[in-house]
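Spelled out, the chains give:
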Amino acid sequence: MSFKAITLQPAAHNLTSQMSDKVQENAIPTHVAGKIQRVAVTGSTPTAGLNETMAGGRQQQARTSKHRVWSAHTTLLAHGAPFVWLTGGALATALAMIIGLLVLIAYQGLQTFWPLPLVQFEVSDNISLGSDILLGEISRCESFKPEPSFLDDLQQRAPVLFARAQAEMNAHSGLLRRQLIWTGRTSAVDFAGSRAVWVNEFSIQSKSYPEQATVVERFDGGRSYGTLTDLLVDGKSIASGADEVWRKYNALHGDVVGRGRQITALDRYDRGAIDRLERATRLALIGAQLNLQDQRRDHPNDSAAIEHSSASVAAKQAAYDNVESQAASDKAIIAQKIKVLQAENNRYVIRIVTADDQALELPLAAIVRAYPANRLSLFGKLGIYASRWWEFLSADPRESNTEGGVFPAIWGTVAMTLIMSMLVVPFGVLAALYLREYAKAGAIVNAIRISINNLAGVPSIVFGVFGLGLFCYVIGATIDQVFFRAALSEGTPTYGTGGIMWASLTLALLTLPVVIVATEEALSAVPNSMREGSYACGASKWQTIRRIVLPRAMPGILTGMILAMARGAGEVAPLLLVGVKDLSASLPVDGVFPFVHPERSFMHLAYQIYIVGFKSPNSELAKPMVFTTTLLLIGMVALLSISAVYLRSKLRKRFMLTQF
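Definitions and limits used
- Residues numbered from 1 in each chain as written.
- Predicted model: local features only at pLDDT ≥ 70, side-chain atom pairs only at ≥ 80, totals over all residues.
- Heavy atoms only, no water.
- Helix = DSSP H or I, 4+ residues; strand = E, 2+ residues; numbered from the N terminus.
- Buried < 20%, exposed > 50% of the residue type's maximum accessible area, 1.4 Å probe, protein only.
- Contact = heavy atoms within 4.5 Å.
- Areas by Shrake-Rupley, 256 points an atom, 1.4 Å probe, with all protein chains shown as cover.
- Salt bridge = Lys/Arg side-chain N within 4 Å of Asp/Glu carboxyl O.
- Polar contact = N/O pair within 3.5 Å; in protein donor to acceptor, adjacent residues only side chain to side chain.
- Phe/Tyr/Trp six-rings, centres within 6.5 Å; stacked < 30°, edge-to-face > 60°.
- Pairing = 2+ DSSP bridges.
- Axes fitted to C-alpha atoms, helices over the stretch in contact; angles between N-to-C directions.
- pLDDT = per-residue confidence, 0-100.
- Core = buried A, V, L, I, M, F, W, Y, C linked by side-chain atoms within 4.5 Å.
- Parallel < 35°, antiparallel > 145°, perpendicular 65-115°, else oblique.
- Left-handed = near helix turned anticlockwise from the far one by under 90°.

1. Concerning the overall build of the chain
- The helix and strand inventory of the chain stands at 20 helices and 13 strands.
- When burial is assessed residue by residue, the chain has 39% of its 660 residues classed as buried.
- Within the chain, contacts between residues at least 6 apart in sequence are counted, and of these 70% link residues at least 24 apart.
- A total of about 36200 Å² of accessible surface is found on the chain, and carbon and sulfur atoms cover 61% of it.

Dropping the structure here:
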């Protein structure tokens with residue numbers, strides 16, 4: 001027997017006796033006393049034995065609590081368990097709503113550009129389509145309950161169809177099925193300006209998938225559906241039949257698109273550069289003339305100054321005449337180049353026949369893409385899908401923003417959000433630093449804090465009105481009066497109207513409470529002991545703030561910036577007044593000196609969603625683009641937030657390693 005066992009044996013005997021007494025007195029449960037006795041006999045350490053005993057007691061308590069019976073005199077509020085379920089249910093409901101919304105947007109947005117098969121319907125004349133044969137893409141199907149007047153009219157006009165409708169309603173609990181079909185637009189058949197029509201399923205006589213049916217997407221006029229019959233060059237057919245025309249089309253369309261891009265570059269960049277030079281020279285001349293008028297009005301006797309101003313006007317006039325002459329010559333050369341390219345492109349035309357035997361001739365230069373919808377393989381569909389996404393992300397909008405791309409809106413949204421962040425973050429952090437670190441607590445500081453918190457609840461349109469009045473009508477108009485008199489005299493204010501700078505400042509004011517509140521919370525979370533330790537080492541207050549407080553509060557500050565970016569990127573109401581446009585010919589940030597143009601108006605994704613969803617002439621066709629643009633906006637906000645989170649982690653590591 002070891003020394004340890006010998007020394008513990010008397011104590012174990014005494015403990016066993018004590019446990020027996022306690023069990024007899026019902027002070028300790030039998031199983032607990034047994035464990036303590038086994039610990040004593042086996043010679044294990046008292047601590048391990050006690051831990052085992054306590055763990056066993058907790059398990060027994062947990063088993064007991066599961067079967068706890070509440071007293072009839074205990075109120076429901078005292079139980080607590082229902083409120084745990086209530087709070088958990090609220091959280092689960094909120095998460096389900098958010099996830100459901102994101103899934104819906106992602107599902108609808110991602111399927112917008114997927115190429116659908118072309119379906120040909122032969123329908124009975126129960127709808128005013130002007131044709132009994134339809135060729136198009138099925139957008140969606142749904143059930144509906146028909147109005148009594150619809151059934152009465154159908155019964156009088158087409159008894160056979162009425163009987164089929166009644167049979168369908170009896171089989172589907174009084175509901176009818178219908179399909180939304182994109183029928184396309186042609187010059188011969190326009191369906192009263194609508195390209196999406198509802199077709200009742202009971203009126204469909206036959207349904208087929210023509211193998212030669214082709215989708216033709218045009219720059220102007222939307223999509224056309226039909227069968228390729230001829231490819232014409234200079235009015236003469238060089239290919240006939242769908243297969244031969246398709247091969248010739250693929251061989252020629254790339255060159256035609258290349259010439260179209262040359263035309264766009266000549267018109268947008270070369271002619272645009274000439275226009276900018278002309279305008280700058282003209283404004284310089286007008287400015288010199290205005291200076292001469294001021295000189296003659298304010299100092300009529302200062303002949304030397306008047307003579308100098310007159311000479312300046314003469315020089316400006318000569319420069320303007322030279323620029324005008326050269327611009328006219330250059331524009332004529334550009335116009336000739338464009339004319340040659342357009343003439344070459346106009347030689348190539350394809351002819352298609354629609355489902356109702358209408359012949360339609362389409363210049364190749366007017367076609368974005370074409371494809372045989374019912375003969376595409378999986379990789380062919382993926383190619384069309386990727387091509388449409390690339391056009392959506394990189395091209396300008398077309399067809400009242402319902403087709404084409406949203407590149408100007410992407411550029412404007414990113415530029416405005418970044419400018420807003422650069423304005424609001426330093427201002428908000430400085431204000432919060434003063435409130436938290438320097439201002440003495442009192443009624444005034446409390447009033448300021450309450451005002452800042454209430455500022456977050458002001459409707460955003462109020463900020464738009466404030467920005468329009470202060471920035472555009474006061475500050476911008478003053479800047480124009482001082483620095484841009486020449487442009488103002490032409491009736492084109494530079495800063496006295498909406499622009500990306502004023503929009504960014506307005507949204508900076510809108511998101512300022514978010515940054516201030518988040519920064520104050522982050523500063524208050526820094527322990528005072530760290531400040532006191534810094535003071536004890538001889539650091540000044542500013543050194544303490546810079547080296548100790550700000551690095552510790554940086555994650556919270558950047559969190560406020562992320563929230564401000566997300567709020568600003570999704571706002572629309574203030575932008576309606578301070579600079580956003582449906583279409584903008586130029587970007588606020590481009591390759592033209594000085595590269596950043598704060599006075600220019602811009603396009604915005606959130607505003608794009610609004611005008612496409614609520615201002616489009618055809619809401620059914622615009623709906624997919626609304627979901628896709630919404631998905632893109634959410635993705636951009638998420639990308640900006642992830643970038644800010646990454647920056648926050650990098651700054652945290654940097655500042656934590658360079659503490660005072």
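Moving on, there is more to tell.
2. A word on the pattern of salt bridges
- Evaluation of the coordinates by the stated rule reveals 28 salt bridges.
- Linking Asp294 and Arg297 is a salt bridge whose minimum nitrogen-to-oxygen distance equals 3.1 Å. You can see Asp294 and its partner Arg297 sitting in helix H8 (residues 242-298), 3 residues apart, about one turn around the helix.
- Owing to a relative accessible area of 56%, Arg297 belongs among the exposed residues under this scheme.
- Counted as one network, the salt bridges with shared partners bring together Glu217, Arg369, Arg388, Glu391, Arg398 and Glu403.

3. What about the side chain of Gln179?
- Note on placement: Gln179 falls in strand S3 (residues 176-182).
- In this structure the side chain of Gln179 is engaged in a polar contact, spanning 3.2 Å, whose partner is the side chain of Glu201.
- Those residues in contact with Gln179 that sit more than four places away from it in its chain are Phe121, Ile138, Arg140, Cys141, Val197, Trp198, Val199, Glu201, Ile204 and Lys207.

4. Description of the packing of aromatic side chains
- For the coordinates displayed, the defined rule picks out 14 aromatic pairs.
- With centroids separated by 5.7 Å and ring planes inclined at 5°, the aromatic side chains of Phe471 and Trp502 adopt a geometry described as stacked. Taken as a pair, Phe471 in helix H13 (residues 460-483) and Trp502 in helix H15 (residues 500-524) lie far apart in primary sequence, 31 residues in all.
- Between Tyr607 and Tyr610 the ring centres are 6.0 Å apart and the planes differ by 35°, which places this aromatic pair in the tilted class. Taken together, the residues span about one helical turn, with Tyr607 and Tyr610 both in helix H19 (residues 605-614) at a distance of 3 residues.
- The exposure class of Tyr610 is partly exposed, given its relative accessible area of 31%.
- What links up through ring pairs into an aromatic cluster is the set Phe113, Trp114, Tyr385, Trp389 and Phe392.

5. Points about the sheet that holds strand S1 (residues 119-123)
- Taken together, 5 strands build an open sheet; the order of strands is S4-S3-S2-S1-S5 and the sheet is antiparallel. Of all the strands in the sheet, just strand S4 (196-200) and strand S5 (204-208) have a single pairing partner and so form its edges. Taken over all neighbouring pairs, the strand axes of this sheet differ in orientation by 40° on average, direction set aside.
- Summarising the sheet, S1 and strand S2 (residues 133-144) pair through 4 bridges and their orientation is antiparallel. Residue Phe121 lies in a different strand from S2, and its bridge partner there is Leu134.
- Packing of helix H7 (residues 159-171) onto the sheet brings it into contact with S3 and S5, and relative to S3 it is tilted by some 110°.

6. Focus: the side chain of Glu437
- Looking at the element boundaries, Glu437 is found in helix H11 (residues 407-438).
- The contacts of Glu437, once residues within four sequence positions are left out, are Leu523, Arg531, Lys541, Ile545 and Val549.

7. A closer look at the pairing of S3
- Within S3, 5 of the 7 residues are buried, which leaves the element mostly enclosed by the surrounding structure.
- Alignment of S3 against S4, held across 5 bridges, turns out to be antiparallel. The residue bridging Gln179 from the neighbouring strand is Val199, located in S4.

8. Focus on the confidence of the model for the chain
- A residue-level look at the chain finds 84% of positions with pLDDT of 70 or above and a mean pLDDT of 83.
- Here helix H1 (residues 3-24) stands out as the element of the chain with the lowest mean pLDDT, 50, in contrast to helix H10 (residues 378-394), whose mean of 93 is the highest.
- Taken as a whole, residues 39-50 scores under 50 in pLDDT and shows 8 contacts with residues more than four places along the chain or in a different chain.
- Contacts for the low-pLDDT stretch residues 187-194, under 50 throughout, to residues beyond four places or in other chains number 11 contacts.

9. Some thoughts on the nonpolar core
- Within the largest apolar cluster, 71 residues are counted, with the highest numbers of intra-cluster contacts made by Phe392, Val406, Leu575, Phe602, Leu605 and Leu632.
- Once you skip the residues sitting within four places of it in the chain, Leu605 turns out to touch Val406, Ala409, Ile410, Thr413, Thr629, Leu632, Leu633 and Met636.
- Counting residues in each nonpolar core, the second largest holds 17 residues, with Leu228, Leu231, Val245 and Ile352 among its members.

10. Some details on the packing of helix H12 (residues 443-455) against H15
- Interhelical geometry of H12 versus H15 gives an angle of 130° and a closest axis separation of 8 Å. Relative to H15, the element H12 is oriented oblique. Judged by the sense of rotation from one axis to the other, the crossing of H12 with H15 is left-handed. Here Arg449, Ile452, Asn453 and Leu455 of H12 lie close against H15, whose contacting residues are Pro513, Ile516, Val517 and Glu520.

11. What to know about unusual backbone geometry
- A cis amide bond links Phe593 to the next residue, Pro594, at an omega of 5°.
- Looking at the secondary structure, you find Pro594 in the loop between helix H18 (575-578) and H19.
- At Ser173, a residue that is not glycine, the phi angle is positive and equals roughly 55°.
- At Phe595, a residue that is not glycine, the phi angle is positive and equals roughly 75°.
- Looking at the secondary structure, you find Phe595 in the loop between H18 and H19.

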